[in-house]
Amino acid sequence: MPNRRIIERAKQDRRKGKASSTQAGEFVREEMHHVRKGKHGARSPKQAIAIGLSKARRVGVRLSAPKKATAETRRKAARDTAAGKHPRKSVSRTRSRATTGALKREGRSAASKSGLARQARSAAKRRSATQRSAAARKGVRTKGSATRSAAAKKAARTRAKRRA
């Protein structure tokens with residue numbers, strides 16, 4: 001079960017009109033903290049992200065299943081979404097302990113800065129420049145004036161640095 005503060009932060013994002021992926025990002029961030037602190041490990045950054053997304057769906061974040069995923073992954077996402085729609089059922093203690101035990105045996109490098117950077121770059125490569133631009137434009141809509149101004153200043157600095 002995710003931390004109450006994380007759930008509250010995700011709800012706050014929803015109230016602000018932010019995308020469901022932004023809401024789910026809170027759970028992914030929490031998962032990375034768990035791996036870094038040694039609560040458990042993960043085989044890869046992708047697995048750590050998947051655990052976070054699964055928790056988000058189970059809490060009620062409206063995240064659709066990935067379109068280019070295997071049938072098994074889509075089924076799992078649908079099951080998590082369904083679990084988020086009804087009150088919590090008791091979890092099998094034995095199964096829960098087995099899952100935690102398996103994750104504890106995995107490495108901790110999945111949440112390393114280099115590992116996450118590699119994952120982010122490979123994910124960005126799969127998207128076209130148009131898609132990336134559209135996502136940025138969509139994000140700007142819920143940013144607020146102060147944050148938007150800071151982002152514009154940062155972009156200007158980056159452009160100046162690249163010209164030099």
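If you're wondering where the values come from, they're calculated on a predicted model, not measured in any experiment.

**Topic: the environment of T22**
Okay, step 1: The topology assignment puts T22 in helix 2 (residues 20-37).
Okay, step 2: Each C-alpha atom, one on T22 and one on V61, is 9.9 Å from the other, the two residues being 39 residues apart in sequence.

**A short note on the packing of helix 2 against helix 3 (residues 45-59)**
Okay, step 1: The contact between helix 2 and helix 3 brings their axes to 8 Å, and the two run at 130 degrees. Considering their axes alone, helix 2 and helix 3 lie oblique with respect to each other. For the crossing formed where helix 2 meets helix 3, the hand is right-handed. Contact with helix 2, carried on its side by A24, F27, V28, E31, M32 and H34, involves P45, A48, I49, I51, G52, L53, K55, A56 and V59 of helix 3 and no other residues of that element.
Okay, step 2: Among the residues making up the contact of helix 2 with helix 3, the classes are represented as 11 nonpolar, 2 polar and 2 charged.

**Remarks on the pattern of salt bridges**
Okay, step 1: For the structure on display, the rule yields 7 salt bridges.
Okay, step 2: Of the charged contacts in the structure, one is a salt bridge between K55 and E31, with a shortest N-O distance of 3.0 Å. Of this pair, K55 sits in helix 3 while E31 sits in helix 2, and the two are 24 residues apart along the sequence.
Okay, step 3: Note that E106 is salt-bridged to R43, the shortest N-O span being 2.6 Å.

Cut-offs and rules
Residues numbered from 1 in each chain as written. Predicted model: local features only at pLDDT ≥ 70, side-chain atom pairs only at ≥ 80, totals over all residues. Heavy atoms only, no water. Helix = DSSP H or I, 4+ residues; strand = E, 2+ residues; numbered from the N terminus. Axes fitted to C-alpha atoms, helices over the stretch in contact; angles between N-to-C directions. Parallel < 35°, antiparallel > 145°, perpendicular 65-115°, else oblique. Left-handed = near helix turned anticlockwise from the far one by under 90°. Contact = heavy atoms within 4.5 Å. Nonpolar A, V, L, I, M, F, W, Y, C, P; charged D, E, K, R; others polar. Salt bridge = Lys/Arg side-chain N within 4 Å of Asp/Glu carboxyl O.

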